[in-house]
Every structure is written in structure tokens, then in C-alpha cells.
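Summary of the model geometry
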Amino acid sequence: MDRALIDSLSSTFDALRVEVPREDRLTVQAPRDAVMSVLSFLKGRGYDHLHMVSCVDWMEEGQFELVYVLSAYGTGQDSASNPGEEIILKTRIPRELPTVVSSISLFKNAEPYEREIHELFGVRFEGHPRLTPLFLERDYEIPPFRKDFDTRQYVEDFFGSIPPVGEEDQDV
Amino acid sequence: MAKPSLLGPLRVIKYLFKKPKTLRYPFELKEPARRYRGFHLNDWDQCTGCGNCADICPNDAIEMVERPEIAPDPGEKNERPRLDYGRCCFCGLCVDICPPGSLRLSRDYFHIHFDTSTFVFTPRDEKTDDETFLPAEKYSVLKASLAHRKRDYQGFEPEIDYALFDPDRVEMPEVPPEERKLSFVEQMLGYDREQAVREAERCLECALCEDACPAHLKISDYIEAVYEDSPEDSLRTIYEDNPIPAICGRICMKHCEDACSLSIRGEPLAIRWLKRFVSDTVRNYRDALEQSPGEPTGKRIAVIGAGPGGLSTAYFLRLLGHEVVVFDELSGGGGMLRVGPPRYRLPEEAIDKDVEYIASLGVDFRFQTRVGRDVEFEELRDEFDAVFLGIGLTVSRSTRVENADRCQLALPFLAKNKTEEKCEVPEEVIVIGGGNVAMDVAREALRLQHIRYPGKRTVTRTVSLEDWDEIPATEEEIEEAREEGVEFNPAWGPKRVVLDDQGNIKGLLCMKVNSVFDEEGRFAPTFHEDQEMFLEGRMIIEAIGQGADFSFLPKEVMERIEFTEARKVRVNENGMTTVPGIFAGGDIVNVNLDAVTAIADAKAASEGIDQWLSGGEG
Amino acid sequence: MRELELYFGPQHLGMVGNFSITLKVEGDRVVKADANPGYLHRGFEKLMEQRSWIKNFPMVCRINVVEPDSMELAYATAVESLAGIEVPERAQFIRSIYLELARVGSHLFGLWAYSNMLGFDTAAQWAMYHRDLVLDLFEELTGGRVYHIYIWPGGVRRDFPEGFEKRLVETLHSIGGCVPDYDACFFDNRLFYDRAAGIGKITREEAMEMGGTGQALRATGVPYDVRKIEPYAAYDKVPWEVPTREDGDAFSRIWVVRDEMIESVHMIFKLLDEMPKGDVYNRIPNPFKWRIPEGETYVRCESSRGELGLYLVSDGGDKPYRVHFRTPSYPHGLTILEKALVGESISDVGNIMISLYVVAPEIDR
């Protein structure tokens, strides 16, 4: 990992926690409000490839963690970034009323990821043009990828309420 | 780029004249690959019913179902895996975890049926199922189903290198044979924490061992506690069923390890060494166990013999609140274990650790008190509410061949070597016997020779009636004895002790054994009288078995105590002899002749005593 | 002209897989496209949070039926990286060979889907037949034809069976021998050119803005390939090229697929030559007691459709805490597709979608 990048990250932003877990990997923990500016900063440094936006439910701590994985396409002339390195940018937001600014303006492919996280975790992305359901068919009391959603109980309740196929149906 | 031509594709018209590639099913069949993952096969003879396949199945497709037609061997269950092919995904994890390797996948994959219940199936293989598995001439692919399958059609099979369990145990550090034969230093050094956790990790938690253990220790639980790096919890679990872990952790006959699933295709989990690790690691039993004797009941029990049976009875009864006094003629606890097993296997410190803990619960030990000499049996009967006999087998037997009176007996030899003044041994020693006691004697004699005649050529040889395949000593004892240099002469029987002119022992004349047991399996050796062998030796030690000494019992009691056909004291399921109020356990009762069975007897007897004293049936 | 809303799929002859697109059309021109996945959503990532580390191994491959193997690799390498498990070198070579074989199989399947959709039945049938030969090889190596369940943490599940290398080489030669016929019949066919050239064009900048990888990006001239930029398995052990094209249309993408298949076959031959002897599996801990230290990792590999990533979190327990697959079809099918369809004719919707190699189960997961 480029030492200069780490230094300029730390000098540009307060309250970032930057770690280098292995040579080709950078983990940045940022406060919620800094996410967009850090993403924009990194994109400007050649990290123009957003792999994914993910979300982890840390229920015990009452937080969601949004995870942005970035790397470089390595096509820019001036970029010193190596496409073999990844940056994992993480931010924690409260589980109650979780909202965060959408990153679509920087990365177009964030659109379905944010839509998915909204659907499966219930995180609101401000400025997202269509937070409509992506995968699911019906509404759930608890967004189903949260840790307090009991899959087995749901299966029991939902499919258990469907009567078994009777003999007469088989003859058809 | 230039636009491609329109005529180029005409080149492939040649395929019109080629043979089609499509298989004309079902007239032309495609043979599945050698490794194909199809329906299951299970060799019911090898399957132990351990249930690991059901535990690893990612889809819960496997359920263990009881099959009453199977009579399980000890350490096995009569359960067999039943597959639900509505759920099975044919991943084969069940094959890779199967400890005996009985579960395999076949190359069959056809099953079509309107009845969904036919998809639930308990697989077997061609060895035991002629109806399902058919030879080629009777098989038709048009009838193929779970009940109509090909013989000898194995696909994905278990391979030990890719098994999901670890067949190799963490090696127990030990003193090498060249070094250990020069002294009585303890041979096994014990696991350290890291080794113990690593070894405990191998446990598959199938718990077959718990059925095999005579005392039914909760082995999976205490091994799991070792894995969780909490030896105190482990010790608490052990003490629920076994109050002498430091002893058992060294000399247990480990029926559990014989039943261990891992032992079938690898080395069993080192359950005994892990127990030893726990007892060695927990320095203060009292703090770890937090036990106290139960509410006083006012009842008093005399326990005769401080061996494993006596110690355990005392412990269990004390926890129930009874007052217990233990009598033993030796100077400390352990009974025969104190005088028998050599120091290099069981140091006295280990025994004392267990005994001291039991004493700390308030059990009264009266050592150097021999019943029948220092105190009369009748006094005990008057003074106490119940008596437990845990006297063990204390008298060595002799071969009674000509001049046998000149030989030494095993037990006095072993006992003396546990004291400061050891036995004198000559440069050539003969040990008669092939059991574990004979191994102890031979290995001690060998050590004494090395200490007494350093650098000189010495020899210790054993003679046993049994040949290699039926020699009664455990494999590891034989292996260790051979490593140290003990010579073996199996399948030879003693004929006569040969003396020289001065009347000193010169050697042993042996004759070739024809057979040891008769057709009904009873001990009845026959010999080839004409095949003789002379073994040189200045000292002969007989280690062919022990008997019990009941001389302390008054005649009227002795007459009322019944014995079984195997010459064992007859007790009921509560451990009571045919004399009310007299209970018994250990080597005088069971045929296993080991510590853990004595503990099992003691558990039954202490529960029986408690019940009997509170007015229940004896 | 009047604007109409048209439901394209999930039951539609031009649609491969359970996926649908809601089209706004004017005449036969697409004005707006809304990708609509979810018909296959099985919640794998949630299911995996409830199964032990080893029980997830037979499951990950099911996320993508077309090329299950890169899923296995992503899961295995992620677990290895979290648990600190080494993989023997021979296993790394076997993994590469196996994954390249999977790429060939997957591309043949894609070729079937694509040429079938365009109406080139001959090439489609050939591709399907040749894919079957590849599946025969998988069956021999792993015991399964479609779900191989072969790459597991610590290495691979079994070594090559006896004589496998020979049959592997023979089969690849016999498929490779048909390349001139494929070319004549399909790739160099004027009809294919007319149907695909200039269709579904995406510029290099657009592709990168929208997270494009794989053929979608390589067809715009960017030699972006995870096997090169962050080599895993044995991809850095032999020389090989990343095929690219410049035009960014359906025609270029399919040609990249063709060239990649040929490159993969050559790579397999080179890997076979270099392959060392030795073990292929370092035993994992007892699966019933296996806990993986707390931590997170992101691993990526080049699947046959583009960059496949896996974000895996362990909380120190016996199961994953969070599993999230970054599948290549996700940006291709949801972002790029919506953009690429605009302005194209209805008859080219399937053409563009399949040329982007959108595999619906990968999006739904």
C-alpha cells in the first residue's frame, strides 16, 4: 500500500482509523458524515472501481456497518494506484433510524447495492432515486437480513400455514 | 475489421454426413464416472451407528434410526443412517466424515416414484442386501430405483487423507526407551496445555466411548471442556463419575479408547492422557470442585481396602452424607495400585493426590490396619451399619512346576521395588507370564539390571503360554517392553525349574504349547511334550495371576457368601453379597480386573448401600 | 409515437434464466429499461450465517449453476485467509486447471445460450455437446457433473484420478479441433456480424463508471483481469494473455469469450506441464469444533463472467457472521444492462443481455 496515500488520508480527514491488515489491503473506518468525502477523495486518487456496498448488522452493539470495497481499474495515466490493492471503507451507523447519504453520484453501480441494503436491512439512503423492492415479494416486519429476523420461525409460520397438497389434487 | 463472408458457413455442411453424437437412451447407456456421487451405500457390519454423518449433513437429510435387528457390540449403537433423498444434495460430506468408512456413494442415481415416502431410505450394501443389489443379469435400467440397484457399483469412496477427522493423535511426549530403562522415572511426560487442546479438538462427540466405559464417564463433555481450555470444568465433570482421575489418567485400561470412532481407521482420541492432563493441571482439587459432604445421615460404613473400589465407594458415600472409615494394611491409599504398577507408570504422588482429596472430604482412612489382624471383622459388623469389601486380588499364584518353590512371586517382587531397598537381580532373569503384571515385572527387572550392572550385557526374557495373537498384555505394554529390550518367548510353557549342583537356579525347561484354551474357551493348556527348550536364568519370577485372600472373614460369614462359576463373589445389582449388609466390588467381583470397572462397582454399591441404609431393598 | 410498457420475461423465448425486464418502448425502440430480478432469490447469504463453516462448502456452488466453481474458490480462499490455512502448491495448480476448465464449460454454455437466442442452432448444439464433454471431465474428477463441490478450504477434495491428465488433454484437443468449424459456422458468419456488431455498445468510460468487469470491460479494450492483477491459485506460474477487443458491442464481447476459451485451454496445457507433485489438501480442523478467529476479509477472483468478490466476516464463532458475494452479473445485469438497452430494438434485448453474460441466479443469490 502506498504510504503517501495513507498519510494524506490521515492529514485530510480527522477521526479516520486507518489500518493495513496486509500489504495490499487498506481498511478505513470513517464517521458517517465523512463517507462521501472519503469516497470522493479516493476516487480522485484513482480508486475508481467500486466493487460493492455491503452491510453488516452488529445487533449487540446497536449498529449497522456499511462497507464500501474499492480498487483501481488502473487505466488512468496519472494514478499511482495499483489495481491489485483494495480499500475497505467502513462506517458505523445507529440501528435505530439508520440513514446515510447515497453514493450513486460518485459510483453509478452503487444504485442496486443500496437498494438491496434498503430492502434487506432497512437502511435509508438519502438521495437514492428508487428505493423500491429489488428481490422480495412481500413486506416483512423486520427486514430479513437483520440478525433479529428468525429465518426458521418465518419458514415455520409462513409455509406452515399453507395446507399440504391433498390426494385429490394429485389426480389432476 | 472487414465484414465476414456470407459463404463461409457452408463449410460445416460436412457434418450432415457424420454420425450423431446423441446417446440413444435407454439402449445406449452412459457409465457414470468411477467417483460418481450417487445414492448411498452403507456397510452395516462396519457402521457403528456413531451418527457423525447425520451431524455433518448440511441439509439434515440424514437421521439415525434404531434397527432392532442389529445386536450392537459394546461401544456401538444399533442405529443406522436413514437418508431423505428429498433433501440430500449428494455432497458426500457424510462419506468424508464417516469414521469407519462404511458409508460410501454408489454410481446409481435413478429413482422415480409417485409415492414420496419411498424417497426416505435406509441404505445398505450388497454384503447384507441381496434383494436390492442385483447382479448384472438380473438388473434392468428400466426398473432402476432405490430398491433395484446394481451390485459392486461403488462410486465416491472415503479416503483417509481427505477425511474430515484427524486420524493421528497428538504425540504424547515420553522418555525414550534407552533412557527410561536406566531408571524408574515416569515414562509419559504428559501433555502441555496447547497439546491437550489440540488433541481434544479431534473428538467428534459421538459419545460411543461413554457406553463402552464401565463407569460411563461423560467423556465428550470433559473432553469438550479441555478443548475450551477449562480444565476445572473438565475435572468437575470427571468427578461426577470417577474420583481417582490422577490414577485413571495413567493406568486406566481405557475401554473408551477401544470404542473410539477415530480408532477404526486411525488412532483413538487420547482420552486417558487428557484425563491425566486435567488432573495434573488443576493444582487444587478442592477449589476447583467446590464439593462438600452431604447432610450427615448418622450412618457409618466400613470400607475394607483402599484400592480404586474402596476409594470410590468412600467418596460416593461421603458425598451422600454418610460417615465412612476405610481400612487398609498398607501405609497409604491405592491398594494394589500402590504396590503393583511400577513407578514409571504410576508414581505414588499421583495416587496420593487423589486419596488426599477424598480424605479432605472427611473420609477417615485407617492405614496399616489389617482387618483380621489389627481389627476383627466381627467388630466392624457390630460398629458399622454396612461393610464394603474392596479387598482386591493380593496373592500371587505359582505355576507349581518342579522346584517352583525356588522362584519369586510377582507381587512381592513389585512391592519391594516400590520401597527404597529394591530387589537384587542377577544378569539373567526369566519371567513366567504374558499378562500386564508379567510386563511390569519384566520391565522392572530390566531396569534393576541396568542399574546394578551398568554397561554389562544383561537379559530379561519372558515365557508365556499364549502366542503373539492371544497374549493378554496390552499392545502398548508389549511394544514398550520390546523397545526397552525385553525378550519374548511366546507359546512356551514351563516344565521344570532346573537347578545346578549347589541347588541354585540354573534355568527353566520349557515345552512347546499346542493350545491354551479348549473348544469352549476355557483355560486348559495342552503341550507338545517332545519339543523342549532350555532358557538360562539365575532368577525366575512367576507372574501368572493373583487370587483373593478371604482369610480375615469369619467362617460363618464365609460360608454364607456365594461365588459365581468364575470364582467371583456373587453380588446383586446393588452390589450386595448374599450376606445382607455386606457389599463388595472390584477385582473380587468383576472379570475385567481393572480400576475403572472397580469404580463402576463402587458406584453401584454406594447407591445400593445408601438405599439399603435408608430402609430400601438391599 | 405512443409509449408502451412491455414485460420482457421471466417467461419469454428471448430470456435465459428467471429474470425479467420492464421495457418502455416506442415502436420497437427501447426508451427505458427496468431490470427486475428476484425470481430466484434464495437468501443464500442469510442461510450461510446459520450453517457451520464446513456445511457452507457444499452450498456456495449453488449460487451460480453455470459456473459453480469460482464460488467455491471464493469461499475457500476467504475462509483460508480468515483461518490462516495454507494450501499446498499442487492444489493451487489443480485449482487453476479446474477453474479454467470451468471457464471453458461456462463459456460454452454461454455460447449455446447466445447463439441459440440468435437462432444459430448448429453452433448452439455443438456448444452444448462440447460442454457435455467438459462435464464428463468434471464428473471424473469430482463425482458431480454440475455441482462439483470440489475446492474446499485447505486445498481440493481429491487428487486427479489415474489417467485424468491424458483424458483432459484429449478432450480439450478434440474440442479445440472444432474451432475452425465454430468460426466458419458462427464467429466468422456474416449473419452473426450483422446481428451483433454495434449492438449494445458501451464505452470504456461507461463500463468503468458502472462497475463493469469481465467481457463487458475487456470488450472495450481494458485488459482488466483479476487473474493478472491480483493472481491467486497458480495464475502467476505460467505465461498467458488477456484477450481484449475495442468496440464494446455485443460482437466484441462474444469474440472476447471465444478468445478467452482458447487462451484457457492453452493455459491448462501449460499448467499441466508445470504442475508439481505432492499433497493437495491440508487438513482443516475438526468440522464440529471449527471456529474461525474474529475478522473480516474480502477476496476476489475472475469468474467466467467477470470479477467475483466475497466479503466474509467472522465474529469468532463456528459460523460466518456475514457473507456477501459481489457477483459480476450484479452490475452487468442491473446497471449496465439498463443503460445498454436504451435506444436498442426489442429484438436485441436478449442479444444484449446474453452478450453481457447476465446470469440471473448470481444476481438473486
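The structure this text deals with has already been given above.
So, here is what we can say about the structure in this document. (Residues numbered from 1 in each chain as written. Chains lettered and ligands numbered in written order. Predicted model: local features only at pLDDT ≥ 70, side-chain atom pairs only at ≥ 80, totals over all residues. Heavy atoms only, no water.)

A few points about the interface of chain C and chain A
Much of the literature gives interface size as the accessible area that the parts lose upon coming together. With 42 residues of chain C at the interface, the matching set in chain A holds 46 residues. Taken over both partners, the interface formed by chain C and chain A buries close to 3,600 Å², and the fraction arising from carbon and sulfur atoms is 54%. Sorting the residues of chain C by area buried against chain A places Lys46, Tyr298 and Tyr321 of chain C first, and these three jointly supply 19% of that buried surface. The tally of links from chain C across to chain A stands at 8 salt bridges. Here glutamate 338 of chain C and arginine 130 of chain A are joined by a salt bridge, their closest N and O atoms 2.7 Å apart. The interface formed by chain C and chain A includes 24 residue pairs in polar contact (both at pLDDT 80 or more). Of all the secondary-structure elements, those providing two or more residues to the side of chain C that touches chain A are helix H1 (44-48), helix H9 (204-209), strand E6 (295-303), strand E7 (306-314), strand E8 (322-326), helix H13 (329-341) and helix H15 (360-364) of chain C. Broken down by element, the residue count for the side of chain C that touches chain A peaks at 5 residues, all from H13 of chain C. A breakdown of the residues in the side of chain C that touches chain A according to their chemical character gives 17 nonpolar, 10 polar and 15 charged. (Contact = heavy atoms within 4.5 Å. Buried area = accessible area lost by both parts, 1.4 Å probe. Salt bridge = Lys/Arg side-chain N within 4 Å of Asp/Glu carboxyl O. Polar contact = N/O pair within 3.5 Å; in protein donor to acceptor, adjacent residues only side chain to side chain. Helix = DSSP H or I, 4+ residues; strand = E, 2+ residues; numbered from the N terminus. Nonpolar A, V, L, I, M, F, W, Y, C, P; charged D, E, K, R; others polar.)

Comments concerning the interface of chain C and chain B
Every contact between the two is made by 48 residues of chain C and, on the other side, 53 residues of chain B. With both chains or domains summed, chain C and chain B bury close to 4,200 Å², and 55% of this area falls on carbon and sulfur atoms. Between arginine 158 of chain C and aspartate 96 of chain B there is a salt bridge, with the nearest N and O atoms lying 2.8 Å from each other. Applying the counting criterion to the chain C and chain B interface returns 31 residue pairs in polar contact (both at pLDDT 80 or more).

A word on the arrangement of the chains
Here 2 pairs of chains make contact, and the pair sharing the most contacts is chains B and C. The least C-alpha distance between chain A and chain B, which are not in contact, is 10 Å.

A few points about the sheet that holds strand E4 (residues 63-71) of chain A
All names here are of chain A. Strand order across the open sheet formed by 5 strands is E1-E2-E5-E4-E3, with mixed pairing between neighbours. Looking at which strands have only one partner, the edges of the open sheet turn out to be strand E1 (17-22) and strand E3 (49-58). Neighbouring strand axes in the sheet, compared pairwise and without regard to direction, differ in orientation by 20° on average. Relative to strand E2 (residues 25-30), helix H1 (residues 3-12) is tilted by about 5°, and along the sheet it contacts E1, E2 and strand E5 (86-94). (Pairing = 2+ DSSP bridges. Axes fitted to C-alpha atoms, helices over the stretch in contact; angles between N-to-C directions.)

Everything listed here is a matter of coordinates, which is why it stays silent on function.
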